[in-house]
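Residue-level listing of the chains:
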Amino acid sequence: MTQNVQTSVFTHSRLFSKRYYPGNIYNVVVNCEDGEFYEYEVEADTFAKATEIAEQMANDLMADITYIEVYKA
């Protein structure tokens, strides 16, 4: 079994100021049919949007998604 972990730091800018902004961070686990899983940290406004972003990221890897778990960080 392999495990891929992707972490990111997001920035938020308003006008001329740029600072680190935690926003709404969700931990997402994408479980695949072959027993593999991918963990992501995504920034989104809702659980549904976090799921959608994780699904797009997993589809980019051509993963066969069984189910997706979303947790508030």
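All values reported here derive from a predicted model rather than from experimental measurement.

1. Observations regarding the nonpolar core
- Counting 13 residues, the largest nonpolar core has Y26, V28, V30, Y38, V42 and A50 as the members making the most contacts within it.
- Of all the elements in the fold, those that place two or more residues in this core are β4 (25–32), β5 (37–43) and α1 (47–60).
- Here this core gets four residues from one element, more than from any other, and that element is β4.
- Setting aside anything within four residues of it in sequence, one finds Y26 in contact with Y40, E41, V42, A44, D45, T46, F47, A50, V70, Y71, K72 and A73.

2. Description of the confidence of the model for the chain
- Considering every residue of the chain, the mean pLDDT works out to 79; 68% of them sit at 70 or more.
- The low-confidence segment residues 9–13, where pLDDT is below 50, has 15 contacts with residues more than four positions distant or belonging to other chains.

Criteria and cut-off values
Residues numbered from 1 in each chain as written. Predicted model: local features only at pLDDT ≥ 70, side-chain atom pairs only at ≥ 80, totals over all residues. Heavy atoms only, no water. Core = buried A, V, L, I, M, F, W, Y, C linked by side-chain atoms within 4.5 Å. Buried < 20%, exposed > 50% of the residue type's maximum accessible area, 1.4 Å probe, protein only. Helix = DSSP H or I, 4+ residues; strand = E, 2+ residues; numbered from the N terminus. Contact = heavy atoms within 4.5 Å. pLDDT = per-residue confidence, 0-100.

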